[in-house]
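# A look at the structure
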Amino acid sequence: MSIFERRESQVQSYAKSFPVVFDKAQGATLTDENGNKFIDFLAGAGSLNYGHNDPDMREALIEYLGSGGITHGLDMHTRAKAAFLNAFEQYILEPRKLDYVLQFTGPTGANAVEAALKLARKVTGRSNVISFTNGFHGVTLGALATTGNEHHRGAAGVDMPGSSTMPYDGYLGKDLDSTEYLDRALGDPSSGVDLPAAVIVECVQGEGGLTAARIDWLQNLEKVCRRHDVLLIVDDIQAGCGRTGTFFSFEPAGIKPDMVTLSKSLSGYGLPFAVTLINRDLDIWEPGEHNGTFRGNNHAFVTATVALEKFWQDDSFAKGVKDKGEKLLSGFKAIQENYADQVVELRGRGMMRGIVVESGDLASRIVEESFKRGLVIETSGAHGEVVKCLASLTITDKELARGLDILNQAFDAAINAGNSNLIAAE
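Since the structure is predicted, the reported quantities are computational estimates derived from the model, not experimental observations.

## Focus: the overall build of the protein
Counting its secondary structure elements, the protein contains 14 helices and 15 strands. Expected size for 426 residues packed as a compact globule is a radius of gyration near 22 Å; at 22 Å, the protein falls within 12% of this value. Reported as C-alpha extents along the three principal axes, the dimensions of the protein are approximately 65 × 60 × 45 Å. When burial is assessed residue by residue, the protein has 54% of its 426 residues classed as buried. Across the protein, the centroid of the 41 positively charged side chains sits 2 Å from that of the 56 negatively charged ones.

As C-alpha cells, this is what we get:
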C-alpha cells in the first residue's frame, strides 16, 4: 500500500478520480512523478485562475521570504497587507465605485461566508437567511445550512436551522421569475417564511451545476432585498476574480451587494486567503468578535498584490477572458452537436462552463476517459451530471484547443463504453 492508502482518510475525493502522484505544475499543465503531462481544466477547483506557478508571483514571494518578511501576524498591520489593500482599492474598488471595507477572515471561503452570515444577523437582529436551490457556500455548519446538496448536509449529523431555501433562477422553468415568488413570500406574514437577515446567492452556481442566473433575475433579486430591508450577500468565492469575464460575477447586472465573499483565486497563487467585503455602513463588529489565528496570510498578500497589478490595471485581461470563454463555448457547442442524444444543455458564463449530460454515470466515465488521455476535469451538479470546466484564465489558445479535443475524444469513448455495456447486459 502507498503512504496515501495507509495514512490518508477516505474523505479524499479528487485523488480517487486522478490516481497519480503529481509533482510539478506550470501554467495550465500538471506533471506527475513519472513525467506524464496533463492539461488542467480543474485549476484547483477555481483556485488557480492565473494558472500554476505564475513566474512574477513566484519571484515576488521568493524575494519576500528571503527578506525575512512577516509570515504570521494575526490581524496586525504589515507591509504586505498595506500593499495588498492599496492595490485592491486602486484596481478593484475605485474603478467600480465600490466602498467596501475588507474583513480578513480565516483562510477558507467557508469562513468568509460564516462571517457574512453572522454580521448580517448582528446588523438586522434577525436570524433567518434565504439561500437557493443547488447553492453551495461551504461545509462548516453555518455555511452548510445555506448549502443545498444533501451529500454534504448529511455529513453534519445535526439539524441546521436558520435558513430557508428558495428556487434559483430557472429551477421552476425558464419562463418563471422566482424572485416574484420570493417577493410575495417576504411580503406575506402568513407565508411561513421568516423575514430574513440576508439573502445569499451565487451569480453562477459552481458546485450546484454551472447554472448562471440571468441578469434581470439578479437585478430583480436586489430590488426585492431593498424592498424588504434584507441584506444581499453575493458568494463570489468560485465565480469571482475574473472567472466569468469580470472581476466580480455580479458586475454585468450593475448591482451592488451589501457583502461579497472572496477566496479561492484571491491569492493568485493557490495560497489560503479569504475576505468578506462589507458595505462600510454595516461594519459594526466589535474588535475580535469574529476572529481566527490565521486571518490575513502575508504570503498570500504578496502574491495577490502581484496578481492585481499584473492582470487588473486595465480591462485587457478581462477582454481576453471573455474571448477565451467564447472559444470554450464554441468547443462545447461542437461536442453538443456531435453527441446530441447525450448532451442535455450547456451552462455557465465566461470561463466557468459546464456540459450537462444524461446521467452522473456518463459524466463520471467522461472524466475517467479524459484523464486517460491527459486532461484533468471534474463534475458537479445535484447528480454529478455536469462535466465542469474551470480551466485557468491564462491558458493558451493551443492548450485550450487541445483540451477540448481530448474532451471530445473522451465523450466518444465514454458513450461507446456505455453502449457496449448495455449490449453485453442484454
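On we go.
## Structural notes on the state of the cysteines
A complete count under the given rule lists 0 disulfides for this structure. The thiol of Cys 203 is unpaired, and the distance to the nearest cysteine sulfur, on Cys 225, comes to 12 Å.

## What to know about the sheet that holds strand 3 (residues 37-40)
The strand order 1-2-3-13 describes an open sheet built from 4 strands, whose pairing is mixed. Of all strands in the sheet, those bounded by a partner on one side alone are strand 1 (22-26) and strand 13 (375-376). Pairing of strand 1 with strand 2 (residues 29-32), which is carried by 4 bridges, proceeds in the antiparallel orientation. Within the sheet, the bridge partner assigned to Phe 22 lies in strand 2 and is Asp 32.

## Here we look at the nonpolar core
Membership of the largest hydrophobic core comes to 98 residues, with the highest contact counts inside it found for Phe 84, Phe 88, Phe 248, Trp 312, Leu 407 and Phe 411. Apart from the residues within four sequence positions on either side, Phe 88 is in contact with Leu 93, Leu 102, Phe 247, Phe 248, Leu 262, Leu 266, Leu 277 and Leu 308. Residues Ala 116, Ala 120, Ala 197 and Leu 282 belong to the second largest nonpolar core, which totals 18 residues.

Calculation notes
- Residues numbered from 1 in each chain as written.
- Predicted model: local features only at pLDDT ≥ 70, side-chain atom pairs only at ≥ 80, totals over all residues.
- Heavy atoms only, no water.
- Helix = DSSP H or I, 4+ residues; strand = E, 2+ residues; numbered from the N terminus.
- Rg over C-alpha atoms; globule rule 2.2 N^0.38 Å.
- Buried < 20%, exposed > 50% of the residue type's maximum accessible area, 1.4 Å probe, protein only.
- Lys, Arg positive; Asp, Glu negative; His and termini not counted.
- Charge placed at Lys NZ, Arg CZ, Asp CG, Glu CD.
- Disulfide = S-S within 2.5 Å.
- Pairing = 2+ DSSP bridges.
- Core = buried A, V, L, I, M, F, W, Y, C linked by side-chain atoms within 4.5 Å.
- Contact = heavy atoms within 4.5 Å.

The values reported here are purely geometric and, on their own, carry no functional implication.
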